[in-house]
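Residue-level listing of the chains:
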Amino acid sequence: MTAAGSTPGRAPGRAPDDAVWHPAPQPVADPSLPAQVRVYEVGPRDGLQAEPQVLPAEVKAELCRRLLRAGVPALELTSFVPPRWVPQLADAEEVVAAVPVPDGVRGVALVPNLRGLDRALAAGVGEVAVVASATESFARANLNATVRGAVAAAAEVTAAARAADVPVRAYLSMAFGDPWEGPVSVADVAARSAELYAAGAGTVALGDTIGTGTPVHVATVVDAVAAAGVPRAALALHLHDTYGQALGNVQAGLRAGVTEFDSSVGGLGRCPFARGATGNLATEDLVWLLHGLGIETGIDLEELVRISQWTGNWLGRPVPSRVAAALTAAGVGA
């Protein structure tokens with residue numbers, strides 16, 4: 001007698017020797033959640049900016065090309081910051097020139113000021129990102145400005161980009177906690193977000209820069225920002241997984257109406273200017289969750305794992321993503 005569904009002579013549940021099964025999320029849709037979500041991939045920029053090893057420009061460009069082939073709909077290619085600030089991204093023009101961005105895909109570069117914008121426009125970048133801060137301490141440490149000064153600078157760059165018919169994405173860093181100041185005022189986050197949106201940013205990305213946010217906190221901030229005049233469709237969440245809260249915070253964001261989430265392939269990256277800011281939410285972990293919720297992303301999960309393996313080989317270490325580690329152990333890419 002054999003167990004139901006098993007093969008005679010084979011232990012129950014064991015796959016045939018010539019079969020390869022890779023674990024995958026079983027989609028179970030929640031009708032209260034969005035049917036489709038945009039994953040905004042930051043690995044080539046935020047993922048590499050704090051790495052001690054400077055990868056060759058061609059390797060960075062190949063990373064971008066692989067991510068585009070995997071189906072990411074929005075990709076932050078690089079940052080046009082002064083090389084003395086972030087030497088890991090000193091080759092921004094070379095990387096952008098080597099990465100053809102398909103129609104319908106957002107190819108974005110971060111720019112800190114008008115000089116960075118000029119470089120990005122000359123390189124042919126189709127969208128730019130600017131950065132402001134919800135706290136004075138981080139504004140000084142990262143942007144060498146006050147909160148008001150940083151918002152004004154972001155607005156100036158936004159106006160110049162919009163005049164050139166280039167859309168703008170605005171990051172608001174330290175929206176959920178600050179390593180110097182501690183808790184951050186929800187009202188301040190809402191006010192700064194509204195100012196960035198009013199200045200012309202098409203997307204406002206709320207940054208949990210040190211990963212201290214929790215689900216109800218995230219929902220509260222999103223609701224406050226929406227009440228201040230920023231449409232939920234214009235909001236994104238940039239979540240770090242420092243304390244293991246990122247996926248729970250994604251679900252809170254989904255329920256609050258957010259449909260764009262930042263992540264980094266393999267979980268690479270951190271903010272080099274903030275104490276305690278460890279890795280970004282891994283794109284593989286995010287996509288596993290979204291696919292399990294029956295939400296479309298257009299991204300090939302197994303291809304992401306192969307990209308993480310390839311990137312880890314260049315960096316000389318495994319990447320932090322738990323899904324990448326599990327699927328690698330299950331034979332993906334082997």
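Cut-offs used in this document
Residues numbered from 1 in each chain as written. Predicted model: local features only at pLDDT ≥ 70, side-chain atom pairs only at ≥ 80, totals over all residues. Heavy atoms only, no water. Helix = DSSP H or I, 4+ residues; strand = E, 2+ residues; numbered from the N terminus. Expected span 1.5 Å × (residues − 1). Buried < 20%, exposed > 50% of the residue type's maximum accessible area, 1.4 Å probe, protein only. Arc of directions from axis to C-beta. Pairing = 2+ DSSP bridges. Axes fitted to C-alpha atoms, helices over the stretch in contact; angles between N-to-C directions. Salt bridge = Lys/Arg side-chain N within 4 Å of Asp/Glu carboxyl O. pLDDT = per-residue confidence, 0-100. Contact = heavy atoms within 4.5 Å. Core = buried A, V, L, I, M, F, W, Y, C linked by side-chain atoms within 4.5 Å.

Participant: Looking at this model, I keep getting lost on helix 6 (residues 147-163). Mind explaining?
Facilitator: Turn by turn, an α-helix covers 3.6 residues, leaving residues three or four places apart pointing in a common direction. Counted at 1.5 Å a residue, the expected span for helix 6 with its 17 residues is 24 Å, and the 24 Å between its end C-alpha atoms agrees. For helix 6, the complete set of buried residues consists of Val147, Ala150, Val151, Ala154, Val157, Thr158 and Ala161. Angularly, the buried residues of helix 6 cover 130° about the axis, an arc narrow enough to put them on a single face. The exposed residues of helix 6 that point more than 90 degrees off its buried face are Arg148 and Ala163.

Participant: What is the right way to read the sheet that holds strand 6 (residues 203-208) from this model?
Facilitator: Neighbouring strands of a sheet are bound in pairs by backbone hydrogen bonds; such pairs are parallel or else antiparallel. Around the barrel, which closes on itself, the 8 strands sit in the order 1-2-3-4-5-6-7-8 with parallel pairing between neighbours. Taking the axes of each pair of neighbouring strands and ignoring which way they run, one obtains an average angle of 25° across the sheet. Of the strand pairs in this sheet, strand 6 and strand 7 (residues 235-239) are connected by 5 bridges, and their pairing is parallel. Residue pairing in the sheet places Val204 in a bridge with Leu235 of strand 7.

Participant: Just checking my understanding: could you explain the pattern of salt bridges for this structure?
Facilitator: When their charged atoms lie close together, side chains carrying opposite charge are able to pair. Taken as a whole, this structure holds 22 salt bridges when the rule is applied. The shortest N-O distance in the salt bridge between Glu62 and Arg66 comes to 2.9 Å. Taken as a pair, Glu62 and Arg66 lie in helix 2 (residues 57-70) at a separation of 4 residues, close to a single helical turn. Across the pair Arg169 and Asp262 runs a salt bridge, and its minimum N-O distance is 2.5 Å. Linking Arg169 in strand 5 (residues 168-173) with Asp262 in strand 8 (residues 260-263), this pair joins segments that are 93 residues apart in sequence.

Participant: Quick question: what am I supposed to make of the confidence of the model for the protein chain here?
Facilitator: Low pLDDT means the predicted coordinates in that region are not meant to be read closely. Residues at a pLDDT of 70 or more form 91% of the protein chain, whose mean pLDDT is 92. Segment residues 1-15: pLDDT under 50, and 6 contacts once partners within four positions in sequence are set aside and those in other chains are kept.

Participant: Hey, could you run me through the nonpolar core in this one?
Facilitator: Generally speaking, soluble globular proteins have nonpolar side chains that are buried together. Judged by nonpolar contacts, the single largest core of 85 residues is most densely connected at Val128, Val189, Leu206, Leu237 and Leu254. Ranked by residues supplied to this core, first place goes to helix 2 with 8 residues. Those residues in contact with Val189 that lie beyond four places of it in its chain are Ala134, Leu172, Ala175, Val184, Leu206, Val221 and Val225. Counting residues in hydrophobic clusters, the runner-up holds 13 residues, among them Val108, Leu110, Ala129 and Tyr171.

Participant: Looking at this model, I keep getting lost on the pairing of strand 1 (residues 38-41). Mind explaining?
Facilitator: The side chains of a regular strand alternate, first on one face of the sheet and then on the other. With 4 bridges joining them, strand 1 and strand 8 adopt parallel strand pairing. Within strand 8, the residue paired with Glu41 across the bridge is Ser263. As paired strands, strand 1 and strand 2 (residues 74-79) are joined by 2 bridges and run parallel to one another. If you follow Tyr40 over to strand 2, its bridge partner there is Ala74.

Participant: Whenever I open this one, the side chain of Gln88 confuses me. Can you help?
Facilitator: Structurally, Gln88 can be placed in the loop between strand 2 and helix 3 (92-97). Residue classification places Gln88 among the buried residues on the basis of a relative accessible area of 12%. If near-sequence neighbours (up to four positions away) are discounted, Gln88 is found in contact with Leu48, Gln49, Ala50, Glu51, Val54 and Lys60.

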